[in-house]
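# Understanding the architecture of this molecule
Each chain, written out:
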Amino acid sequence: MKKDTLCEEAAERYYRMIYLYCLQLLNQDVLAAEDCTQDVFALMIQKKDTLDFDQNIRGWLYAAADRICKDYRKREMKRTALITAFLDEITDIPDPNSPIDSDAMLDCLSDEELQLLKEYYSEHYGERMLLAEKRRMTHSQLGKKIYAIRQKLKKHLKGPS
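Every chain is numbered independently, its residues counted from 1 as its sequence is written. Reporting of local features is limited, given that this is a predicted model, to residues whose pLDDT is at least 70; pairs of side-chain atoms are given and counted only at 80 or more, and all residues count toward the totals for whole chains, interfaces and linings. To get the side-chain values, all heavy atoms of the structure are used, and hydrogens and water are removed first.

This next bit is on the state of the cysteines. For the purposes of this analysis, a disulfide is any pair of cysteine sulfur atoms at a distance within 2.5 Å. Taken as a whole and assessed by the stated rule, the structure comprises zero disulfides. Unpaired in this structure, Cys-69 has its nearest cysteine sulfur neighbour in Cys-22, at a distance of 3.5 Å.

Below, the structure is given as structure tokens:
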């Protein structure tokens, strides 16, 4: 019970300072600073039984904020890289305003591939498991098959290189 009280006192005393510190570390990103600050104090509560509140709890909070903000920046860099890669991939798709003959676009697919694609995208996620079973495939095999069909379509849309 005493540790809970010490956690509350530390939160009341240091929350604003840690928030401002996180805000500075995260280039004034208010939402990220709020999330990271909450993570710092959630971690303090989680580790309350192993923390020594008589020692420098303030120093521990700042060190935790450093680690949490650093991890946040790493995750953001990865997320940004994934988004950039995705956007780069999208730029390879033809302009949606240009006239595309949808029948000609699908000519590169066999009847079986076209049927599978139609069934796959007309089903909800949970029903795709049934589609895989119906076609005597695992869910993973179905996903790989759809990926291969999509790659085939993409290559066909790009045209000869």
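Let's shift gears to the environment of Val-40. Secondary structure elements are defined from DSSP: runs of H or I of at least 4 residues count as helices, runs of E of at least 2 residues count as strands, and each element is numbered from the N terminus. Its location among the elements puts Val-40 in helix 2 (residues 30–46). Each residue gets one of three labels from its accessible area relative to the maximum for its type: buried under 20%, exposed over 50%, partly exposed in between, using a 1.4 Å probe on protein chains only. For Val-40, a relative accessible area of 0% puts it in the buried group. Sequence separation of Val-40 and Ala-63 is 23 residues, and the distance between their C-alpha atoms is 9.4 Å. Setting aside its immediate chain neighbours within four residues, Val-40 contacts Ile-18, Trp-60, Leu-61, Ala-64, Ala-65 and Ile-68. Contacts are residue-level and defined by heavy atoms, with any inter-residue pair within 4.5 Å sufficient.

Axis lines are fitted through C-alpha atoms, for helices just across the contact stretch, and the angle between N-to-C directions can take any value from 0 to 180 degrees. Contact geometry for helix 1 (residues 2–25) and helix 2: axes closest at 9 Å, N-to-C directions at 150 degrees. Considering how the two elements wind past one another, helix 1 and helix 2 form a crossing that is right-handed. Contact residues: Cys-7, Ala-10, Ala-11, Tyr-14, Tyr-15, Ile-18, Tyr-19, Cys-22 and Leu-23 in helix 1; Val-30, Ala-33, Glu-34, Cys-36, Thr-37, Gln-38, Val-40, Phe-41, Met-44 and Ile-45 in helix 2. Residues that form the contact of helix 1 with helix 2 fall into these classes: 16 nonpolar, two polar and one charged. By the definition used in this description, the sense in which the near helix is turned from the far one sets the handedness, with an anticlockwise turn below a right angle giving left-handed and a clockwise turn giving right-handed. Three categories are distinguished: nonpolar for Ala, Val, Leu, Ile, Met, Phe, Trp, Tyr, Cys and Pro, charged for Asp, Glu, Lys and Arg, and polar for the others, with Gly belonging to the last.

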